[in-house]
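Now for the letters of each chain:
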Amino acid sequence: MTWLRQAAHVAAKDLRHASWMLAVYAVIVAVATAVAVHAWGSGRGGVLLATLLVPFGLVVFAVVVQADAPMGSDVFWATRPLYPSAVFAAKVAVAAVALVGVGVAGQAVALSALGVESGSLPAHIARSVADYGAWLGVAGVVAGFARNIRTFVLSMIIVALAPYVGLWSLLPWLVWGPMVVRTLPTLEAGIAVALFGLVAYQYHTRDVRRSAVAAAMVVVAAMAAVGVAGRQPVPLPITMKDVPAGLRADLRVDSVAFEPLPRGEQELRLTLGVAGGASDLAYVLVNPRLEIREAGKPSERLDEVAGSVWLRTVDPLADDGFRRVGPRVPWLERDRTLRFRLSSSQMGRLSRGATLVLTGRIEVLEARQLQPQPLEIGRSFADDGVRIRIDSVEGSPEEPVIRVVQASVAPPGTAGSWVLHHNVSRFDVALADPGRREAVPLAGMATTFAAHAVVLPGVSVALEERRLQPMSSVPWTDLGDAGAESHRGTELRVVHWKPRGGFDVRSELRVRPGNG
Amino acid sequence: MAAVEIAGVTYRYRRVEALSDVSLAVPSGAVYALLGPNGAGKTTLLQILAGLRRPAAGWARVLGKDVTALGVGDRQAIGYVAEGLRLPGWMTLRQLEAYLAPLYPEWDRSLADELRRRFRLDPDRRIRTFSRGEHMKAALLCALAPRPRLLLMDEPFTGMDVAVKDELVHGLLESAGTEGWTVVVASHDLAELEPLADWVGFLDDGHLLLSESMETFRARFRRVEVVGAGESTSFPATVPEGWLSVRRAAPRVSLIVSDGDGLDGDAYRRWFPDATRIEVREATLREVFVALVRRDQDARRVEGVAA
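Residues numbered from 1 in each chain as written. Chains lettered and ligands numbered in written order. Predicted model: local features only at pLDDT ≥ 70, side-chain atom pairs only at ≥ 80, totals over all residues. Heavy atoms only, no water.

Attention shifts here to the overall build of chain A. In terms of regular secondary structure, chain A is built from 11 helices and 16 strands. The buried share of chain A, taken over its 516 residues, is 53%. Accessible area of chain A: about 22000 Å², with a carbon and sulfur share of 60%. (Helix = DSSP H or I, 4+ residues; strand = E, 2+ residues; numbered from the N terminus. Buried < 20%, exposed > 50% of the residue type's maximum accessible area, 1.4 Å probe, protein only. Areas by Shrake-Rupley, 256 points an atom, 1.4 Å probe, with all protein chains shown as cover.)

All names here are of chain B. Here strand 7 (residues 150–154) lies mainly inside the structure; five of its five residues are buried. Residues Leu 150, Leu 152 and Asp 154 of strand 7 are buried on one face, and the alternating residues Leu 151 and Met 153, pointing to the opposite face, are buried as well. Sheet topology places strand 6 (residues 78–82) next to strand 7; five bridges connect them, and they run parallel. Bridging from a neighbouring strand, Ile 78 pairs with Leu 150 of strand 7. Summarising the sheet, strand 7 and strand 8 (residues 182–186) pair through five bridges and their orientation is parallel. By the bridge assignment for strand 8, Met 153 is matched with Val 185. (Pairing = 2+ DSSP bridges.)

The partner chain A presents 24 residues to the 28 residues of chain B that form the contact. Both faces combined, the contact of chain B with chain A buries some 2600 Å², and carbon together with sulfur accounts for 55% of it. Along the contact surface separating chain B from chain A lie one salt bridge. One salt bridge in this structure joins Arg86(B) and Asp74(A), with 3.4 Å as the shortest N-O distance. Inspection of the chain B/chain A interface yields five residue pairs in polar contact (both at pLDDT 80 or more). Mapped by element, the contributors of at least two residues to the side of chain B that touches chain A are strand 1 (2–13), helix 2 (72–76), helix 3 (93–100) and helix 5 (132–144) of chain B. Residues belonging to the side of chain B that touches chain A are distributed by class as follows: 18 nonpolar, four polar and six charged. (Contact = heavy atoms within 4.5 Å. Buried area = accessible area lost by both parts, 1.4 Å probe. Salt bridge = Lys/Arg side-chain N within 4 Å of Asp/Glu carboxyl O. Polar contact = N/O pair within 3.5 Å; in protein donor to acceptor, adjacent residues only side chain to side chain. Nonpolar A, V, L, I, M, F, W, Y, C, P; charged D, E, K, R; others polar.)

Residues and elements named next belong to chain B. Spatial strand order, 2-1-4-5: four strands in an open sheet with antiparallel pairing. Of all the strands in the sheet, just strand 2 (16–27) and strand 5 (65–66) have a single pairing partner and so form its edges. Pairing between strand 1 and strand 2: eight bridges, direction antiparallel. In the strand pairing of strand 2, Tyr 13 is matched with Val 16.

Strand pairing in a sheet is mediated by backbone hydrogen bonds. Such pairs are either parallel or antiparallel. All names here are of chain B. Strand order in the open sheet made by the six strands is 6-7-8-3-9-10, with mixed pairing throughout. Since the sheet does not close on itself, it has two edges, and those belong to strand 6 and strand 10 (207–213), each with one partner. The sheet shows a mean angle of 10° between the axes of neighbouring strands, taken without regard to direction. Where strand 3 (residues 31–35) lies against strand 9 (residues 199–204), four bridges are found, and the strand directions are parallel. (Axes fitted to C-alpha atoms, helices over the stretch in contact; angles between N-to-C directions.)

Judged by side-chain polarity, Val153(A), Leu154(A), Ile157(A) and Leu161(A) come together as a nonpolar surface patch covering roughly 350 Å² of accessible area. Examined against the element boundaries, Val153(A) turns out to sit in helix 6 (residues 149–170). (Patch = residues over 30% accessible without salt bridge, like charges linked within 9 Å, V, L, I, M, F, W, Y side chains within 5 Å.)

Quick look at the pairing of strand 10 of chain B now. Every other side chain in a regular strand lies on the same face of the sheet, so the side chains alternate between the two faces. Residues and elements named next belong to chain B. Pairing analysis gives six bridges linking strand 9 to strand 10, with the strands arranged antiparallel. Following the sheet pairing, Phe 202 is matched in strand 10 by Leu 210. As consecutive antiparallel partners, strand 9 and strand 10 are separated by two residues, and within that stretch Asp 205 has a phi angle of approximately 50°, a positive value.

Turning our eyes to something else, we now look at the nonpolar core. Counting residues in each nonpolar core, the largest one holds 170 residues, and the members touching the most others are Leu99(A), Tyr132(A), Phe152(A), Ile6(B), Leu35(B), Leu100(B) and Leu152(B). When residues of this core are assigned to their parent elements, the largest contribution, 12 residues, is made by helix 3 (residues 43–67) of chain A. For Phe152(A), the residues in contact, after removing those within four places along its chain, are Leu58(A), Val59(A), Ala62(A), Gln66(A), Ala139(A), Val142(A), Ala143(A) and Ala146(A). (Core = buried A, V, L, I, M, F, W, Y, C linked by side-chain atoms within 4.5 Å.)

Residue and element names in this part refer to chain A. Where helix 2 (residues 19–37) contacts helix 4 (residues 84–113), the two axes come as close as 9 Å, and the packing angle between them is 15°. The orientation of helix 2 with respect to helix 4, classified from their angle, is roughly parallel. For helix 2 against helix 4, the interelement crossing comes out right-handed. Across the interface between the two elements, Leu 22, Tyr 25, Ala 26, Val 29, Thr 33, Ala 36 and Val 37 of helix 2 pack against Ala 98, Leu 99, Val 102, Gly 103, Gly 106, Val 109, Ala 110 and Ala 113 of helix 4. (Parallel < 35°, antiparallel > 145°, perpendicular 65-115°, else oblique. Left-handed = near helix turned anticlockwise from the far one by under 90°.)

Looking at helix 3 of chain B, one finds that the buried residues are Leu93(B), Leu96(B), Glu97(B), Tyr99(B) and Leu100(B). Taken around the axis of helix 3 of chain B, the buried residues stretch over an arc of 160°, which confines them to a single face. (Arc of directions from axis to C-beta.)

What follows deals with the packing of aromatic side chains. All names here are of chain B. Applying the stated criterion across every chain, the model contains nine aromatic pairs over all chains. Aromatic side chains Tyr 104 and Trp 107 sit 5.8 Å apart centroid to centroid with 40° between the ring planes, which places their arrangement in the tilted category. When its relative accessible area of 4% is taken as the criterion, Tyr 104 is described as buried. A ring pair is formed by Trp 243 and Tyr 268, whose centres lie 6.4 Å apart and whose planes are at 50°; its orientation type is tilted. Placement of Trp 243 in strand 12 (residues 243–249) and of Tyr 268 in the loop between strand 13 (252–257) and strand 14 (277–282) is noted, with a sequence separation of 25 residues between them. A relative accessible area of 7% places Trp 243 in the buried class. (Phe/Tyr/Trp six-rings, centres within 6.5 Å; stacked < 30°, edge-to-face > 60°.)

As a further point, take the environment of Lys137(B). Residues and elements named next belong to chain B. In this structure, Lys 137 sits in helix 5. Residue class for Lys 137 comes out buried when judged on its relative accessible area of 9%. Sequence spacing of Lys 137 and Val 164 is 27 residues, and the spatial spacing of their C-alpha atoms is 9.3 Å. Once residues within four sequence positions are removed from consideration, Lys 137 is found in contact with Phe 119, Leu 121, Met 160, Asp 161 and Val 164.

Glancing now at the pattern of salt bridges. Residue and element names in this part refer to chain A. Overall, the coordinates contain 37 salt bridges over all chains when judged by the stated rule. Across the pair Glu 491 and Arg 493 runs a salt bridge whose closest N-O atoms are separated by 2.8 Å. Classification of Glu 491 by relative accessible area gives buried; the value is 14%. Among the charged side chains, a network of salt bridges with common partners joins Lys 13, Asp 14, Asp 68 and Lys 91.

This next bit is on unusual backbone geometry. Residues and elements named next belong to chain B. Of note, the phi angle at Leu 63 is positive, near 50°, even though the residue is not glycine. Looking at the secondary structure, you find Leu 63 in the loop between strand 4 (57–62) and strand 5. The backbone phi angle of Asp 205 is positive, close to 50°, even though this residue is not glycine. Among the secondary structure elements, Asp 205 is positioned in the loop between strand 9 and strand 10. Look at Asp 205 and you get exposed, because its relative accessible area is 55%.

Residues and elements named next belong to chain B. One can find Arg 223 in strand 11 (residues 222–227). At a separation of 3.2 Å, a polar atom in the side chain of Arg 223 contacts the side chain of Glu 287. If near-sequence neighbours (up to four positions away) are discounted, Arg 223 is found in contact with Ser 254, Leu 255, Ile 256, Glu 279, Val 280, Arg 281, Glu 282, Ala 283 and Glu 287.

As C-alpha cells, then:
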C-alpha cells in the first residue's frame, strides 16, 4: 500500500469512527450559518453557537487523534505496518476537510450573505483558518499526550486558562499593555504550523516524554507572546494596504485653539484638513498621536480623545438631481477637530518652545452608492461585508424614525475592533422621495451593540441596532400622508464608504499657548 | 541467522532503570520464552523489539533491522500481541480485519476465519464489548493472520481458558515449526510455555540472568532431592554458587542447581554424607523461575541454617 493510499485508508477509518460527531458538527455549522445569514438580529445566539462550535470541533479532532494516538506504548497502529507520517496526514486531512472545510463552507455562505466581495473572502477565510488552525494545533498536541477524552478536556481547560492566569499574576504589563493588540494572521498561522509540527514529531518519534512535549508547547507559547509583545497597540484597526502616491494628500492644520478646563488644564483643539489628493474620495485620520518634543528632554505623549477624524468628505449624492432638504448636508459637516487635554506642565513646555508632532494614518475611502432601497419593513441589502435590514418605520411624517440593524463583518482582535466599520468604513443614508425629487439626510444613532462570530473563529460580525432620523438641525419635509403608509414610495439612498487603503502621515507644529 | 539481536540495551523510565545492559540473541525459528517476575523488564524489552520504545543505550535488531528504523515492510513481517494493547473498540472484529487486511500483502483470510472459529469470536460484535480473554484472542488473530516471520507476545494467555490456551500453544508450535516463525513470548504461564519454548531467557530487575536453549537449560538446571538429611544430618557450612535454592524439610533437602550438567546423585554425596538417597532430575521452568526469584532469600536462609 502506498503512502497516499495508507493516508486515505486511515482517514476513511477516522471518518467512519467520528461520523456521528462530524454529523453533529455539520449541523452546528449549518445552524450557525443560518443564524449568520437570516437571524443576525440576535447576536447572542451567534456568540453561543460560536462558543459551542469551536470547542466541539476540538473535541472531535481529539477523538480522531486519539483513535491512533501518537504517543504511548499501547497504541495499536504503531505495531502495524503504517507510515507514521501517513497516519498524521490522515488526521490533518480529516481536520482540514471535515472540520475546517465544513466550517469554511459555512463561513463563505455567511460572508457572501453579508455582501462580502469575492475578492475579500480569501482574506477573511485565511484569517479564520489560521485562528482555528492554531486551536486545532493545541488540541492535537494535548490529545497526543492525554490518555482519554476526559483528560483532554481537562487539559484544554487548563491550557486555555493558564496563560491568562499566569500572565495576569506574573506579567501584568504584558496583559495590560501589548496583549490588547490584535494578533496577526501570520502569527497565528505560525503558531498553527509549529503546533502541527509538534504533533507530527510525536507521531514520528512516539517514545517521547510528555514533559518534553509540554516544554515544547511552552516554548511555542513564549514565542507567540514575544511576537505579540513586540507590537504596539493600535486602537483602531487599519487597512494594511497603502494607496498609490497619486491618491495621497498632505495633512493640514487649519487652526489651533486652546480652551481652558478646570484645575488649570487646557484643551488643545486642532482643526485638521488635507491638501491635495483626489477630490472624489474621503480622507480619515485614524489613530492620531500627539507628542510634545523638546530638545534634551524625553518626548511626552498626549492622550487622544478621538480614534479617528474625517478630514475631508464629499457629498456622494451631489449629482443625483435631488434637492437637499434643510440648511446643511451633514455629510459635509463632520467635525474635523481633534481634542487633547494638556496639563499645566505640558502647557509650560509648549510655552518654552516645545514642538508638537502629530502622527497617524490617513485612510482613503471611496463612496459607493448602492441601489435605492424601497422603505419596506424586513427588507435587507448588503454590500461588501455590511448588511442592513430595515426593522421598523415609526414616528410621524415630520419626525420619522427608521430602525435598522446593521451587521458589519470585521476581523477579530481587540474588543471593539469592529469599530473599524463604524469609524472608517461607514454608511450614510438619506431618505428620498423620487416623486418630489427631494432627499433628507438621516443621522445614524447607535443604540445597542452585539457581536458574534461568523461560523468559524477569526471573523466576527458586529451587530448594531440603529435609529435613523433626520439631523436635528435639518427641518423635515413632509413626504406624504400620516402614519407608516405616509412613507410609501419613499426609498433609502445609501452610500457605503469603503476603505481603499491608507498612508502614514506626520506633521510638526509649534504653538504658543495664548497666541495660537 | 538470529531473528532478534540485542546488545547492551538499557532503558530508563525517568530515574528508574527498567533494563540494564541487556544482550541476547534469538535464532530464527526459535520459540523464545522470556521469563521474569513482575517489573523485571519483559514488557519493556518486547516493546523495544516492536519499535514502540527507543533504547537509551545499546541497540536491538529484529529480522536484521534496527528497531528504531523499522519500515512498513519490516512491520509486515512482525506480529505483536500484548496485554493492554488498545484495539479500536468501536470497530467490530470484521471491520478490524477489513481495515488491517489491505496493510498486509500476506494477510491470510482463511487463517483469520479459522482462528475466529477456533477462538469462538463473534465477528459482528464491537471489540469494546469483548471480555479480556476475547480481546486477547482478537489481538492474536490480528497478529497471526498476516503470517508474520517474527511474533512478539506479551502475556498472550491472559484471560484464556485452558482449552483455548492448549489449542493456541499447539497451534503456535505447529506454525512455528512448519512456517519457520520466530516467537518471543513473555508470560507467567510457565506450564504453557514449557512445551512451547526451545529457548529461554530470564530477566530480573532489568538484568538478564540467563539466555540459552532449552536443551542447555534442561541439562544444567537440575532438581536434587536428598533424603535422610534430617535435623541431625550435617549440612554444608557453605554452599556452591551454582545452588540456587536449598529447601530443608526434614528429613529432606531439595536443591535447584544451575551447574548440574552431567552430575548424578553421587556427585552431591560429599555435601550430604548421611543421605540415604539422592535423586537428580531435570528442573522444570517453574522450579527454576521460583529459585531465581527467591535466590537472595534462599541464600540468606541457607546462611542461617549453616550457621
